[in-house]
Amino acid sequence: MLNNLPQIPLSDWVNSFTSWLTSTFSFIFNPIRNQFGDFMSWTADLLASIPAIIVIILVAVLAFFISGKRIGLSVFSIIGLLLIYNQGLWSELMYTFTLVLISSLLSVIIGVPIGILMSKSKVAETIILPVLDFMQTMPAFVYLIPAVAFFSIGMVPGVFASLIFATPPTVRFTNLGIRQVSTELVEAAEAFGSTGAQRLFKVELPMAKGTIMAGINQTVMLALSMVVIASMIGAPGLGRPVLSALQRAQAGPGFVAGISIVILAIIIDRITQNIYKSK
Amino acid sequence: MPVIEVKNLSKVFGKNTKQSLKLLDDGKTKDEILKQTGDTVGVNRASFEVEAGEIFVIMGLSGSGKSTLIRLINRLIEPTEGSVMIDGENLATMNKENLRRVRREKLSMVFQKFGLFPFRTILENAEYGLEVQGMPKAERAEKAKKALELVGLGDYIQQYPDQLSGGMQQRVGLARALANDPEVLLMDEAFSALDPLIRKDMQDELLELQQSMKKTIIFITHDLDEALRIGDRIALMKDGSIVQIGTPEDILVNPANDYVERFVEDVDRSKVLTAENIMRRPETINIEKHGPRVALERMREEGLSSIYVTDNKRNLKGYVTADDASIARKKEIRDIKEILKTDVPTVERDKPMNEIIEIIYDSPVPIAVVEEGKLVGIIIRGSVLAALAGESEVRLNAE
Ligand SMILES: Nc1ncnc2c1ncn2[C@@H]1O[C@H](COP(=O)(O)OP(=O)(O)OP(=O)(O)O)[C@@H](O)[C@H]1O
Ligand SMILES: [Mg+2]
């Protein structure tokens, strides 16, 4: 009996919706694809043009100071980065780093204000929370399809997919951080006659800073996890050798590229963690 | 003229506030209204006036609506009904902008758990109220420093709150409230989180500050001892209503109803303690040796306004007042007998304290404790209240 019901043309709807979006907003998508894509390649090339040894030293110095003048993270960074260089993956590393950096920055720029909005409005929270759940549980691959439709292939659709996939933790943690500020502090801010903006910038955001940074850390990690997936749509970087090794069933190169991603992940994670732990 | 006039101020938490207010009119209790409408009555038709320079204490058991009431006064909680007049303006109905102005200029609040900003230094905390007004950095730092010096924290301005003890943190809270020189201080259980000794220090300090700065203070506590110590007047709350307002003596001597009586019941020391438990060593002069000059000198040394007079065998003869003595000195009267007053209120050693309260209430001078006509001690009003409040100075085993 169930078989008698006609199939709902859900996929057709989504298809036509996507193509409608693509054609209607091509005047937005196209310039973004071109200008933004150029900008990203330019950034990656610029980074790649700096002598590797200088980048390695800078990272080591940054790691040293940010981890409270302990040597461990610096040593790890030096050895790890040298290994990647030695394996001939340096320019891939720069592309991946650019992708992660820019998509994380965008996630933060978009995510923090949305989080603030959610914390201020019960209605906004009720609407946005399920959307966030949806964004995070949908398999990340699925985002690649509209990304390609809108932005063709390359870094830009990678950033787009990463934005959708990686922004939710920043939004959630911003909302949480602000809602967690104790009532007494909020009352203190109010009782002394703060405006809404003063209350937000002088009390709530500073109090929520640690929580928000924890969310940003997660966002960065998720962005990094998109790297391999994004290489499926032609984004350059460390994901590419992984993908091609997979297609040719070559364990060696796949492992080398994989370990490079892990090294990058550890360095970024420890550095961002230390940012939010330091007061 | 009163600084603050609260009239019929009510707060009902919930969705059916109109209906609940009507039920309150019908004299329904807080519990009945909760059952019928699901609303919680926070404050029910509170009315009172607070005079300039007064310490007005609001006291009541947990859940009686004290915190709600004080937050209605600066409108951290929106009133459901009623008015709060301050300098002729109704705070309950004014717009956001005016409300901010009043909060900045006239009302400051001190919080139970201090409410300090942990990421700001002590100085920056004390500056907060001035900072939001847009005062330039140098000017507000100076004012904040003055306020911090006033509470004895001048040396700690660069520390962070978590580096300070609880008592010191609450001093910062007090300094922050004083920095913008408000007319009224609102203090919600400001000393409840402190341990008893520090707490007493803070009470003393607050009294001193109030003496010198003449602030009007609304102080909340659930602690009768604290209320008796610092209150000029005390309002007692129950289930959101104010059940009695009066001086500490009023509350102790004429409890308005059973509830008040029960609240002050653990002050039943009044029936246990007797005169000898609370009397002090008397300052006296000798009628056979001393004249008005000596009397005046002694009173000045001890800070008294009257002094008892005995003979060589410590038999009580009467007392002289400072006023009389100084007139006598001017007129060069030598004999103390000419200004001696004999309408002395006296009690025996074993007089229970609840009876002493009634005597001392009308008496302009300390009560004399006598044994077979000899003066053995005096009782001042302060030590009666202190004893009722259960202070350690009371000697249960008088020698
Ligand atoms: N935001 C709120 N929503 C609903 N009910 C509330 C709210 N705030 C307070 N109440 C209720 O109002 C009543 C008075 O609470 P309030 O906090 O004013 O009491 P309190 O006298 O300050 O008690 P405590 O000594 O415990 O601080 C209580 O029944 C409480 O449950
Ligand atoms: Mg309370």
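Residues numbered from 1 in each chain as written. Chains lettered and ligands numbered in written order. Predicted model: local features only at pLDDT ≥ 70, side-chain atom pairs only at ≥ 80, totals over all residues. Heavy atoms only, no water.

This part takes up the overall build of chain B. Along chain B, the regular secondary structure elements total 17 helices and 16 strands. Taking the principal axes of the C-alpha coordinates as reference, chain B spans close to 75 × 55 × 40 Å. Counting over 399 residues, chain B shows a buried share of 52%. The contacts of chain B with a sequence gap of at least 6 include a subset with a gap of at least 24, amounting to 66%. Within the structure as shown, chain B displays about 18,700 Å² of accessible surface, and the carbon and sulfur contribution to it stands at 46%. In chain B, 57 side chains carry a positive charge and 67 a negative one; their mean positions are 3 Å apart. (Helix = DSSP H or I, 4+ residues; strand = E, 2+ residues; numbered from the N terminus. Buried < 20%, exposed > 50% of the residue type's maximum accessible area, 1.4 Å probe, protein only. Contact = heavy atoms within 4.5 Å. Areas by Shrake-Rupley, 256 points an atom, 1.4 Å probe, with all protein chains shown as cover. Lys, Arg positive; Asp, Glu negative; His and termini not counted. Charge placed at Lys NZ, Arg CZ, Asp CG, Glu CD.)

Moving on, we get to the pattern of salt bridges. Under the defined criterion, the tally for this structure stands at 33 salt bridges over all chains. Salt-bridge contacts for R172 of chain A lead to D133 of chain A; the nearest nitrogen and oxygen are separated by 2.8 Å. Of this pair, R172 of chain A sits in helix α8 (residues 155–179) while D133 of chain A sits in helix α6 (residues 122–137), and the two are 39 residues apart along the sequence. Take D133 of chain A: its relative accessible area is 38%, and that puts it in the partly exposed class. Notably, a salt bridge pairs E283 of chain B with R281 of chain B, separated by 3.5 Å at the nearest N-O pair. When its relative accessible area of 16% is taken as the criterion, E283 of chain B is described as buried. Among the residues examined, R281 of chain B registers a relative accessible area of 66% and is labelled exposed. (Salt bridge = Lys/Arg side-chain N within 4 Å of Asp/Glu carboxyl O.)

Bringing helix α8 (residues 196–213) of chain B into the picture now. An α-helix turns once per 3.6 residues; consequently, residues spaced three or four apart project the same way. All names here are of chain B. The end-to-end C-alpha distance of α8, which contains 18 residues, comes to 25 Å, matching closely the 26 Å that a straight helix rising 1.5 Å per residue would cover. Among the residues making up α8, those that are buried are R199, M202, Q203, L206, L209 and Q210. Buried residues of α8 fall within an arc of 130 degrees about the axis and therefore sit on the same side. Of the residues in α8, the exposed ones pointing more than 90 degrees away from the buried face are L197, E208, Q211 and S212. (Expected span 1.5 Å × (residues − 1). Arc of directions from axis to C-beta.)

Residue and element names in this part refer to chain B. S62, G63, K66, S67 and T68 are the nearest of the 13 residues found near ligand 1. With respect to ligand 1, the backbone of G63 contributes an N or O atom lying 2.8 Å from an oxygen atom. Here an oxygen atom of ligand 1 and a side-chain polar atom of T68 are 2.5 Å apart. Look at ligand 1: alone it shows 630 Å² of surface, and the protein chains cover 61% of it. Going through the elements one at a time, β2 (40–51) and α3 (66–73) are the ones with two or more residues in the shell around ligand 1. Looking at the shell around ligand 1, the element that brings in the most residues is α3, giving 3 residues. Residue composition of the shell around ligand 1, by class: 2 nonpolar, 8 polar and 3 charged. (Near = heavy atom within 4 Å. Polar contact = N/O pair within 3.5 Å; in protein donor to acceptor, adjacent residues only side chain to side chain. Nonpolar A, V, L, I, M, F, W, Y, C, P; charged D, E, K, R; others polar.)

The strands making up a sheet associate through hydrogen bonds between their backbones, and the pairing can be parallel or antiparallel. All names here are of chain B. Ordered by their spatial adjacency, 3 strands build an open sheet running β14-β15-β16, and the pairing between neighbours is mixed. Strands with a single pairing partner mark the edges of an open sheet, and in this sheet they are β14 (346–348) and β16 (374–379). When the angles between neighbouring strand axes are averaged without regard to direction, this sheet yields 40 degrees. Sheet analysis places β14 next to strand β15 (residues 367–371), joined by 3 bridges and oriented parallel. From the neighbouring strand, E348 faces β15, where its bridge partner is V370. (Pairing = 2+ DSSP bridges. Axes fitted to C-alpha atoms, helices over the stretch in contact; angles between N-to-C directions.)

Attention shifts here to the packing of aromatic side chains. If you walk through the whole model with that rule in mind, you get 18 aromatic pairs over all chains. Centre to centre, the rings of Y85 of chain A and W90 of chain A are 5.8 Å apart; their planes meet at 75 degrees, and the pair counts as edge-to-face. For W90 of chain A, a relative accessible area of 7% puts it in the buried group. Put simply, the rings of F17, W20, F25, F27, F29, F150, F151 and F160 of chain A touch in pairs and so form one group of aromatic residues. The lysine or arginine in question, R176 of chain B, covers the ring of F117 of chain B, its NZ or CZ lying 5.3 Å from the ring centre. (Phe/Tyr/Trp six-rings, centres within 6.5 Å; stacked < 30°, edge-to-face > 60°. Lys NZ or Arg CZ within 6 Å of the ring centre and 35° of its normal.)

With that settled, consider the nonpolar core. Formed by 90 residues in total, the largest nonpolar core has its most connected members in I4, L174, M187, I218 and F219 of chain B. In terms of residue count, helix α7 (residues 166–179) of chain B provides more of this core than any other element does, 7 residues in total. No fewer than three residues from each of domain 1 (2–106 + 184–267) and domain 2 (124–181) of chain B sit in this core. In contact with F219 of chain B, other than residues within four places in its own chain, are I55, F56, V57, I58, M187, A190, F191, L206, E226 and I230 of chain B. Grouped together as the second largest cluster of nonpolar side chains are 45 residues, A52, L93, A265 and I271 of chain A included. (Core = buried A, V, L, I, M, F, W, Y, C linked by side-chain atoms within 4.5 Å. Domains from an automatic or database assignment.)

Let's shift gears to the packing of helix α5 (residues 90–120) of chain A against α8 of chain A. All names here are of chain A. Between α5 and α8, the least distance of the axes is 6 Å, while the angle of their chain directions is 40 degrees. It follows from the interaxial angle that α5 and α8 lie oblique. For the pair α5 and α8, the sense of crossing is right-handed. Residue classes in the contact of α5 with α8 are distributed as 15 nonpolar, 10 polar and 1 charged. (Parallel < 35°, antiparallel > 145°, perpendicular 65-115°, else oblique. Left-handed = near helix turned anticlockwise from the far one by under 90°.)

With 17 residues of chain A at the interface, the matching set in chain B holds 27 residues. A combined buried area of about 1,900 Å² lies between chain A and chain B, and 60% of that area is made up of carbon and sulfur atoms. Of all residues in chain A, E184, F192 and K202 of chain A give up the largest surface area on contact with chain B, accounting jointly for 38% of the area buried on that side. Run the count over chain A and chain B and you get 3 salt bridges. (Buried area = accessible area lost by both parts, 1.4 Å probe.)

Let us look at the environment of L174 of chain B. Residues and elements named next belong to chain B. Mapping L174 onto the fold places it in helix α7. Overall, L174 belongs to the buried group, its relative accessible area being 3%. In this structure, the C-alpha to C-alpha distance between L174 and T93, residues 81 residues apart in sequence, is 28 Å. Every residue in contact with L174, bar those within four places of it in the chain, is listed here: V110, V151, L185, M187, L206 and L209.

As assigned here, chain B comprises domain 1 (2–106 + 184–267), domain 2 (124–181) and domain 3 (275–388). Computed from C-alpha coordinates alone, the two centres of domain 2 of chain B and domain 3 of chain B are separated by 45 Å.

This paragraph deals with the sheet that holds strand β13 (residues 316–321) of chain B. Residue and element names in this part refer to chain B. Taken in spatial order, the 3 strands of this open sheet run β11-β12-β13, and their pairing is mixed. In this open sheet, the two strands that pair with only one neighbour each are β11 (284–286) and β13. For this sheet the average axis-to-axis angle between neighbouring strands, irrespective of direction, equals 35 degrees. Both β11 and strand β12 (residues 306–310) contribute to a ladder of 3 bridges, which runs parallel. Bridging from a neighbouring strand, N286 pairs with T310 of β12. In this fold helix α15 (residues 322–330) packs onto β12 and β13, with an angle of close to 75 degrees to the strand it touches most, β13.

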